[in-house]
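Residue-level listing of the chains:
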Amino acid sequence: MQHRWIGPRIKPKKSGLYIFTKSIRFDEYDKVIFRISADTRYRFYVNGKYVCEGPCQGGGDVKYFETVDLTKFLQPGENYFEV
């Protein structure tokens with residue numbers, strides 16, 4: 001199984017609303033499973049379609065994540081992710 005980070009690695013200095021976007025090209029795929037985690041609340045969209053939201057939070061060294069099947073949200077070619 002391949003794990004790949006798709007977001008920026010930044011540490012905001014102040015609290016606020018941040019939107020992270022990334023595009024990934026999928027020319028061929030059978031099934032795409034995605035794991036998402038955040039320090040606070042989030043909403044996750046793929047190609048403009050709502051996928052999930054949550055406060056799947058951990059604390060300290062413990063991090064939890066949601067596992068979602070993105071196959072039905074993807075299209076051949078470029079796909080846009082937004083959190």
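For the structure itself, consult the block above.
A.B. asks: Describe the pairing of strand S6 (residues 77–82), and please don't skip the residues or the numbers.
C.D. replies: Bridge count for strand S1 (residues 21–26) against S6 is six bridges, and the pairing is antiparallel. Among the inter-strand pairings, Lys 22 is bridged to a residue of S6, identified as Phe 81.

A.B. asks: Could you give an account of the environment of Tyr 29, naming the residues involved and the relevant values?
C.D. replies: Looking at the element boundaries, Tyr 29 is found in the loop between S1 and strand S2 (33–36). With near-sequence residues (within four places) excluded, Tyr 29 lies in contact with Thr 71, Leu 74, Gln 75 and Pro 76. For Tyr 29, the side chain forms a polar contact with the main-chain oxygen of Leu 74, separated by 3.2 Å.

A.B. asks: Lay out the nonpolar core in plain terms, naming residues and giving numbers.
C.D. replies: Within the largest apolar cluster, 16 residues are counted, with the highest numbers of intra-cluster contacts made by Phe 44, Val 46, Val 51, Cys 52, Leu 70, Leu 74 and Phe 81. Within the residue set of this core, elements represented by two or more residues are S1, S2, strand S3 (42–46) and strand S4 (49–54). For this core, the leading source of residues is S3, giving three residues. Dropping the residues within four chain positions of it, Leu 74 is found in contact with Phe 26, Tyr 29, Val 32, Val 46, Asn 47, Asn 79 and Phe 81.

The rules behind these values
Residues numbered from 1 in each chain as written. Predicted model: local features only at pLDDT ≥ 70, side-chain atom pairs only at ≥ 80, totals over all residues. Heavy atoms only, no water. Pairing = 2+ DSSP bridges. Helix = DSSP H or I, 4+ residues; strand = E, 2+ residues; numbered from the N terminus. Contact = heavy atoms within 4.5 Å. Polar contact = N/O pair within 3.5 Å; in protein donor to acceptor, adjacent residues only side chain to side chain. Core = buried A, V, L, I, M, F, W, Y, C linked by side-chain atoms within 4.5 Å. Buried < 20%, exposed > 50% of the residue type's maximum accessible area, 1.4 Å probe, protein only.

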